[in-house]
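Results of the structural survey
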Amino acid sequence: MPFAETLRDSFRQLRRHPFFSAGVALTLALGIGVNAVMFGIVDRALLSPPMHISDPHQVKVLYRHQVNQGRTSAGDELTYGNYLAQQDNSAFERVAIQVAREPLSGHGDSARRLQARLVSASFFPTLGVEPYRGRFFSPEEDAEDSEPVVVLSHSMWMSDFAGDPAVLGRKLEVGSLEYAVIGITPPGFTGFELAPVDVWLPFGRAMRGLDWERWLDPEAPWSWAQTVVRLRPGVSLQAAEAEATAILRRADERLARPPRSQQRRISLQPLTPALRVDAPPETEVAFWLAAVSLLVLLIACANVANLFLVRGLRRRREIALRLTLGMGRLRLLGQILSESLLMALLGCAAALGLAYWAGHLTRSLLFPQVDWSPGLLNPRLTVFSLALALLAAVLASLPAAFQARGRDLTEPLKSSSGTASPSRSPARSLLLVAQTALSVLLLAGAGLFLHSLSQVEALDLGYRTDNIVLLTPELESGVDRLKSVPLFQQALEFLTAQPGVESAAAAWTVPFVGGISYQLTYQDGSPLPRLPTGGPWSVAVMGDYFSTMDVEILRGRAFNHNDQRNDVPPSIIVSRTMADVLWPQEDPLGQCLKFQGTDFCAYVVGVAQDVTRREFAEGPTLLFYMSLAQVAQGYPPRHFYVRTRRPPSAPGPQDLGRLLLGMDSRFRYVEARTFRHLTAPEKRAWNLGATLFTLFGLLALAVAAVGLYSVLAFEAARRRREMSIRSALGATLRHLAWLMLSRSLRLSLAGIVLGLTLAAVLAPNLSDLLFKTSPHQPLVYAMTALVILSISLLASLLPTYRTSKTNPSATLKAE
């Protein structure tokens, strides 16, 4: 059969040229593998709804939109009262609530934080998920005074209980209570989000058991819980959103918040992460990287196509003989395609191995907050990789197929070597230029992200983060945090006295995590000016905070011992921006500010330099500092900041944590981390872009360099006779070398010009992802051109050297 014979011929060619076949398969494996990795990540983390949810298009997450001080914001956290009110929405078949918390399990060194979700009994029916083992909560078990029960995630069941089927009925300590295990969720189930979950707790009972019952006030204005709903069949999205918004505004009016009510609305967001309004910056970076991975595949295909063209020229005599002996051109094209397809399938198999190996690292870089327990390799990924292999095979074989389609049989049969060919091949040149241009495009993108990352690293945060350890203690059950100020003062003195510690302080909040906004007024009761960043935001501190964080006091003084007393007017320190905005023509020291609803003054005793509060790109912010001892009744200490000396004398974070844990039995657990852990998530998008753009760019550059070398090596071998004649006629070695190098330079320069032009056109689309970096950064473009040109010259040196060292007499005698 012709098809079977074609396959046999293709296998024979693979065996006859193992190095060529391995090189092609490896090149395609790199191109397909990069795309397989990115497809697996983007498909799981961004394009697919969470697993095990029935009819996921009917399940929606409620988002609150509002305009505050001219700034539009959207969030998936609503008040508890809003959740209760939405249960009367006729457009919803079911309504459920979820709160993410990290309660403790265990004590002392063996304690750890669990990733817990506090959910209503309606949660699992709303999502339409069935238990893997056991059962889920009943409405009675969601009551505040019910027996505590817990549902384990499949991953925790496997890791902590070794998949023991007898786990049902066993006790698990969470917070201050012991919960009986009643069920296990299916493998890979994480609710309507993708973050890892350890346990699912009944909302009402867990809120009481974890001492958070104060949040269960239906009249409270705090937005802190997520609401998920299932639409009734036949109800349109617009109608459901309109009714949900009407319910929200009625609640606002009932709670006497009419000025904001007309600016607030509810939207129903899908479960697909990429389609939500608050998709993180990593989402856009991931899609860009997916597009970049396709460029890597195109470069690989161009490289393989060039290799097929070169091999086709080497086989001209063989192919001409086949055609002369009666082989049809259609069968010849089929053989070329089948050879390419076999190599692509080998590359696909290697690519799946690469996707499994490199996927773990890449997904931890892209979306470390996603639960990847089901793994990357799945039928969808396999089908996608096979489709890419087929596409790559067609693209790679097309130039060679067109070359063979109109082949003249006379010239190859006359030639003894069968390698005579036109002096130039437009197809090979075009492919080399395309590879170079695409490599320039990738490296330019990598350069822009690297420049952005360097700008982020050089950003002045207003404080020094080096050698800062952040300690967050958890108190034993029964210890009243509101009365724990003396304990924290004692712990502060204890930490300061430790060897290797320079200074220490305590605070209620930490940067980049959250903040507390106060409504302040001038002394006469008039409102303060407003900024788009909101506020004024407060930082309540204790101890030598400004020295520990290295925050400069520009005017006035820092807090002293008198500011620890409750029988004196409270003192505050304002940021430079707050001083300039509130008193542009006056001395801020000694000025009075009043907390809304009070009659006493808080006096400004100092002006501190501006610091970065929440995000690197935030604008001017109203920020002030208070003494924790004067406001501890509302906001007691939570975190210790410890500045250590430089290693090796400095104690590590875990050392300090253990010391604090052993200081007093009222400390149940201490989380110890460096301050850099707080800034790492903020840098993730730029780190991600710089790392993977650079990796993909270097990979593409390596493939392009190998392709350039292969073509130039063939060109050198083909022109050996020509160079011998030129040498015999008096051409110098320098002249012969320039003949080879000039062709490489022309192709490289053409690719560089084309690539920089494409970069200049496409780079503005990256503007939102760059930090203080122009998309047309001249230095980045110049360095990219220099790198490409240098690699092209290096790839040309060996073929050029071999050509220049040709022995004319030996070559001509061989002819």
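See the structure above.
In this report, the structure presented in the accompanying data block is examined. (Residues numbered from 1 in each chain as written. Predicted model: local features only at pLDDT ≥ 70, side-chain atom pairs only at ≥ 80, totals over all residues. Heavy atoms only, no water.)

Topic: the side chain of Thr533
Applied cut-off: Where helices and strands are cited, they refer to DSSP runs of H or I of at least four residues and of E of at least two residues respectively, numbered from the N terminus. Buried residues are those whose accessible area, probed at 1.4 Å on protein chains only, stays under 20% of the maximum for their type, while exposed residues exceed 50% and partly exposed ones sit between those limits. Pairs of N or O atoms within 3.5 Å make up the polar contacts considered here, provided that, within protein, one atom can donate a hydrogen while the other can accept it, and that residues adjacent in sequence are counted only when both atoms are side-chain atoms.
Within the secondary structure, Thr533 is located in the loop between β17 (520-522) and β18 (537-543). For Thr533, a relative accessible area of 13% puts it in the buried group. Engagement of the side chain of Thr533 in a polar contact is seen with the backbone oxygen of Pro620, the distance being 2.6 Å.

A closer look at helix α5 (residues 154-161)
Keep this limit in mind: This arc is built from the directions going out from the helix axis to the C-beta atoms.
Buried within α5 we find His154, Met156, Trp157 and Phe161. Considered in projection along α5, the buried side chains sweep an arc of 165° and stay on one side of the axis. Immediately downstream of α5, the backbone of Ala162 shows phi near 55°, a positive value.

Quick word on the state of the cysteines
What we call a disulfide is simply a covalent bond connecting the sulfur atoms of a pair of cysteines. This is how it is decided: When two cysteine sulfur atoms lie within 2.5 Å, the pair is treated as a disulfide.
Across all of its chains, the model carries one disulfide by this definition. Through a disulfide, Cys592 is tied to Cys601; the S-S separation comes to 1.9 Å. For the disulfide bridge between Cys592 and Cys601, the dihedral angle about the S-S bond is near -80°, and by the sign convention the bridge is left-handed. Given a relative accessible area of 5%, Cys592 falls into the buried group.

Considering the pattern of salt bridges
To keep things clear, this is the line we draw: We define a salt bridge as a side-chain nitrogen of Lys or Arg found within 4 Å of a carboxyl oxygen belonging to Asp or Glu.
What the rule picks out here adds up to 14 salt bridges. With a closest N to O distance of 2.4 Å, Arg380 and Asp43 form a salt bridge. Remark: Asp43 occurs in helix α2 (residues 18-47) and Arg380 occurs in helix α12 (residues 379-405); sequence separation between them is 337 residues. Given a relative accessible area of 48%, Arg380 falls into the partly exposed group. On the basis of relative accessible area, Asp43 is assigned to the buried category, the value being 8%. A salt bridge links Lys683 to Glu457, with the nearest nitrogen and oxygen atoms 3.1 Å apart. One end of the pair, Lys683, is in helix α20 (residues 676-718); the other, Glu457, is in helix α14 (residues 426-457), and 226 residues separate them in sequence. Residue classification places Glu457 among the partly exposed positions, given a relative accessible area of 45%.

Brief notes about the packing of aromatic side chains
Threshold: Geometry of aromatic contacts follows a simple scheme: Phe, Tyr and Trp rings, the Trp one being its six-membered ring, pair when their centres are within 6.5 Å, and the pair is stacked under 30 degrees between planes, edge-to-face over 60, tilted otherwise.
Under the counting rule described, the total for this entry stands at 29 aromatic pairs. Between Phe39 and Phe384, the ring centres sit 4.0 Å apart and the planes meet at 5°, which makes this aromatic pair stacked. A residue pair is termed long-range when its members are at least 10 positions apart, and Phe39 in helix α2 and Phe384 in helix α12 qualify at 345 residues. Note on Phe39: relative accessible area 22%, which makes it partly exposed. Note on Phe384: relative accessible area 24%, which makes it partly exposed.

Some points on the pairing of strand β10 (residues 177-184)
Rules: Whether two strands pair comes down to DSSP finding at least two bridges between them.
By the criterion of burial, β10 is predominantly enclosed, with six of the eight residues buried. Here two bridges tie strand β7 (residues 133-134) to β10, and the two strands are oriented antiparallel to one another. From the neighbouring strand, Arg133 faces β10, where its bridge partner is Ile184. Two elements, strand β8 (residues 149-152) and β10, share four bridges in a ladder whose sense is parallel. Along β10, the bridge assignment pairs Val150 with Val181. Inspection of the sheet shows strand β9 (residues 171-174) paired to β10 by four bridges, in the antiparallel sense. Its bridge partner being in β10, Leu172 is matched across the sheet by Tyr179. Taken together, β9 and the strand that follows it, β10, pair antiparallel across an intervening segment of two residues, in which Gly175 is found at a positive phi of about 65°.

Considering the pairing of strand β21 (residues 592-595)
Both faces of β21 are covered, namely the face carrying Cys592 and Lys594 and the face carrying Leu593 and Phe595. With three bridges connecting them, β17 and β21 associate as antiparallel partners. Note that in β21 the partner of Tyr522 across the bridge is Leu593. With three bridges connecting them, β21 and strand β22 (residues 601-608) associate as antiparallel partners. Each bridged residue has a counterpart across the sheet, and for Leu593 the counterpart in β22 is Ala602. The antiparallel hairpin formed by β21 and β22 contains five residues in its connecting segment, where Gly597 sits at a positive phi of about 90°.

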